[in-house]
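These are the residues of each chain, in order.
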Amino acid sequence: MVRSTSGECFLGGQDAQRRAEGADRWCNPLSRFLASQLVEISPTDPLSFVSSVAIIVAAALLAALIPAARAAAADPAEALRAE
């Protein structure tokens, strides 16, 4: 669930009318929960969202690059002979 800058809550897979009707039911408790868990950080703070996404992307790249570097270092002829 993502809250837009205008305060709307976007729930994936639902049409606009159902989304508008259910926004308060889902977004307000979520915002209150996030506000209670975050110390001195707003639940809609863009810096915290960007930094958390950057950390996740960096971890995913590192997880993909380690096996790729190991595979690139291997000799293809030896790998085919081993199979």
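Residues numbered from 1 in each chain as written. Predicted model: local features only at pLDDT ≥ 70, side-chain atom pairs only at ≥ 80, totals over all residues. Heavy atoms only, no water.

(A) Layout of the overall build of the protein chain. Along the backbone of the protein chain there are three helices and two strands. Listing every helix and strand of the protein chain by position from the N terminus yields β-β-α-α-α. A total of 83 residues make up the protein chain; the buried ones form 7% of that total. A total of about 6900 Å² of accessible surface is found on the protein chain, and carbon and sulfur atoms cover 64% of it. (Helix = DSSP H or I, 4+ residues; strand = E, 2+ residues; numbered from the N terminus. Buried < 20%, exposed > 50% of the residue type's maximum accessible area, 1.4 Å probe, protein only. Areas by Shrake-Rupley, 256 points an atom, 1.4 Å probe, with all protein chains shown as cover.)

(B) Expanded view of the confidence of the model for the protein chain. With 66% of its residues at a pLDDT of 70 or more, the protein chain has an overall mean of 75. The least confident element of the protein chain, judged by mean pLDDT, is strand β1 (residues 2–3) at 50; the most confident is helix α2 (residues 46–73) at 91. (pLDDT = per-residue confidence, 0-100.)

(C) Examining a nonpolar patch on the surface more closely. Taken together, the side chains of Leu30, Phe33, Leu34, Leu38 and Ile41 make up a nonpolar region of the molecular surface, amounting to roughly 370 Å² of accessible area. Residue position: Leu38 is located in the loop between α1 (16–37) and α2. Note on Leu38: relative accessible area 31%, which makes it partly exposed. (Patch = residues over 30% accessible without salt bridge, like charges linked within 9 Å, V, L, I, M, F, W, Y side chains within 5 Å. Salt bridge = Lys/Arg side-chain N within 4 Å of Asp/Glu carboxyl O.)

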